Amino acid sequence: MTRAGDDAMHATTTSLDSPVKSNRRVQPVVLTIALVVGAITAVVLVLTTIDPWFPNIGIFAGSADLHVYRDAGFRVQHDLPLYGGPVLLGHLYTYTPFSALVFVPAARIPANWVDEFVMATNMCLLVVCIVLCWRMLGYRLTPKLVGASALLALCFTFLEPIRTTLFYGQVNIGLMLLVLWDFSRKDDSRIKGIGVGLAAAIKLTPGYFVAYSLALRQWRAAAVAVGTFVASIAVGWLVLPDDSRAYWTEKFFEADRVAFPTHPANQSLRGVIAHLIGHQAPGVVWFPLAAGIALLSLYVSVRLHRDGERLLALALCGMTAAAVSPFSWSHHWIWFVPLLVWIAHRALSNPRWWLAGVAIYLPAAAWSWQYSDDFAVVGLFMYPPWWSTIDILMNIYMIMFVFILAGAVIGVRRRAATPRESFRSPGTPKRLTTPGSRGQ
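Parameters and conventions
Residues numbered from 1 in each chain as written. Predicted model: local features only at pLDDT ≥ 70, side-chain atom pairs only at ≥ 80, totals over all residues. Heavy atoms only, no water. Axes fitted to C-alpha atoms, helices over the stretch in contact; angles between N-to-C directions. Helix = DSSP H or I, 4+ residues; strand = E, 2+ residues; numbered from the N terminus. Parallel < 35°, antiparallel > 145°, perpendicular 65-115°, else oblique. Contact = heavy atoms within 4.5 Å. Nonpolar A, V, L, I, M, F, W, Y, C, P; charged D, E, K, R; others polar. Salt bridge = Lys/Arg side-chain N within 4 Å of Asp/Glu carboxyl O. Buried < 20%, exposed > 50% of the residue type's maximum accessible area, 1.4 Å probe, protein only. pLDDT = per-residue confidence, 0-100. Core = buried A, V, L, I, M, F, W, Y, C linked by side-chain atoms within 4.5 Å.

**Here's the deal with the packing of helix 3 (residues 64-77) against helix 6 (residues 114-136)**
A packed helix pair is summarised by two numbers, namely the angle formed by the two axes and the spacing between the axes.
Inference 1: Running from amino to carboxyl end, helix 3 crosses helix 6 at an angle of 110°, the nearest separation of the two axes being 11 Å. Classified by the angle between their axes, helix 3 and helix 6 sit roughly perpendicular to one another. Contact with helix 3, carried on its side by Leu66, His67 and Arg70, involves Val114, Asp115 and Val118 of helix 6 and no other residues of that element.
Inference 2: Split by residue class, the contact of helix 3 with helix 6 holds 3 nonpolar, 1 polar and 2 charged.

Shown next, in the form of structure tokens:
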């Protein structure tokens, strides 16, 4: 980059070393203050909206899923079955046999500080995810970028999917990191696809990104992802033959092992139908609808990708994977994070986009409701079933997804009707080099 280009980047008021040029800039001091205030507010809300030690729901009184993972690793080491019945805490193990091999190291972490260690690790991974999002938008990796990403990560702790992931000790952030790492690489990278393959090998939902690679005609990346996934099955079968046989011939097809489809936290299309009719959604109804949504989202995502909006396309794919999955816990919707980073990127040059960020953040925030002295919930979808608005609240993420997808459709249609040089967003440099070509 030329010296003039460097000066222009440092002159931007984002303090993130962005190549953005605009007459409507956010002053660096204002941005820093906003990030600090947002981070402090989010952390205070996490710690005060509900007692952090409140039984079974306080942010420091959870880690149930983490201990199920540790138990899976323990069972692998002691040749105990994974799928013969309930594991720790009465839960059924629903992940792949390969995932249990991945969780073996977690079983080796001392139990008296594993919760804190994993929560801190998840926060660090969230910062890395946000940094990768900025990099995909063309920002340079600098201390300022990392610092802003750390503050933004704290801002996101009051997002319900993030708060719940931290509470349960879930693996969602790590899986999102694998996918982001994959799609931030050069298109011709020989190892592109490994991240998606590994993510799908642990939790099947990221397999949707293979379809995205195919839609982009990134044949090598799709092949690497599928090869990685198949290799994980082979490793699982070699090390855990009985568990692999039980999972891939029987348990794999039992979606209801996760939970009852009518559970309010089932934020998927199948969940919406189940919520409305009061029982399991007929496959003849939800599957064609899910397939149609998946195809429409793939089409829109490819169009966005070709228009240079790679991060937005990836965020849309992540949300679509949660939407069309047979069962999606609310914490699967962590793909609000890259969407909000993209919105923040746009808002740095057009402040009106902050309103869009607020419109996404508030419904997805970790609002709590205390039913009694010993029972409370987090998330609007878990609010009292006798409320007149419960049909909206119980399906809030899918409703948001419909609006996001519709907005993306409108966006690509407008771009198609506008000369290419005219529709570049204020936040997208005219000759911005893709992150992959910068040697990530």
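**Let's talk about the pattern of salt bridges**
Inference 1: As enumerated under the stated definition, the model contains 7 salt bridges in all.
Inference 2: Between Lys192 and Asp187 there is a salt bridge, and its shortest N-O distance comes to 3.0 Å.
Inference 3: Under the relative-accessibility criterion, Lys192 is labelled buried at 2%.
Inference 4: Asp242 serves as the salt-bridge partner of Arg245, at 3.2 Å between the closest nitrogen and oxygen. Highlighted residues: Arg245 and Asp242, both in helix 13 (residues 241-249), separated by 3 residues, approximately one helical turn.
Inference 5: The partly exposed category is assigned to Arg245, whose relative accessible area is 42%.

**Looking at unusual backbone geometry**
Inference 1: Of note, Ser63 is a non-glycine position whose phi angle comes to about 70°, a positive value.
Inference 2: If you trace the backbone, Ser63 turns up in the loop between helix 2 (28-48) and helix 3.
Inference 3: Residue Asp79 is not a glycine yet carries a positive backbone phi of 55°.
Inference 4: Structurally, the position occupied by Asp79 is in the loop between helix 3 and helix 4 (97-102).

**Observations concerning the side chain of Thr228**
Inference 1: Relative to the elements of secondary structure, Thr228 occurs in helix 12 (residues 219-239).
Inference 2: For Thr228, a relative accessible area of 15% corresponds to the buried category.
Inference 3: In contact with Thr228, not counting residues within four places along its chain, are Gly193, Ile194, Gly197 and Leu198.

**Observations regarding the confidence of the model for the chain**
Inference 1: Counting all residues, the mean pLDDT for the chain is 88, and 88% of those residues have values of 70 or more.
Inference 2: Of all the helices and strands in the chain, helix 1 (residues 3-11) carries the lowest mean pLDDT, 35, while helix 8 (residues 160-168) carries the highest, 98.
Inference 3: Note that residues 1-15 has pLDDT below 50 and, in this model, 24 contacts with residues that lie over four places away or in other chains.
Inference 4: Counting contacts from residues 19-23, a segment whose pLDDT is below 50, to residues more than four positions away or on other chains yields 13 contacts.

**A word on the nonpolar core**
Inference 1: Counting residues in each nonpolar core, the largest one holds 122 residues, and the members touching the most others are Tyr93, Trp134, Phe156, Leu180 and Phe336.
Inference 2: Per element, the largest residue contribution to this core is 12 residues, and it comes from helix 16 (residues 310-324).
Inference 3: One finds Leu380, Tyr383, Ile390 and Met394 within the second-largest nonpolar core, a separate group that totals 5 residues.

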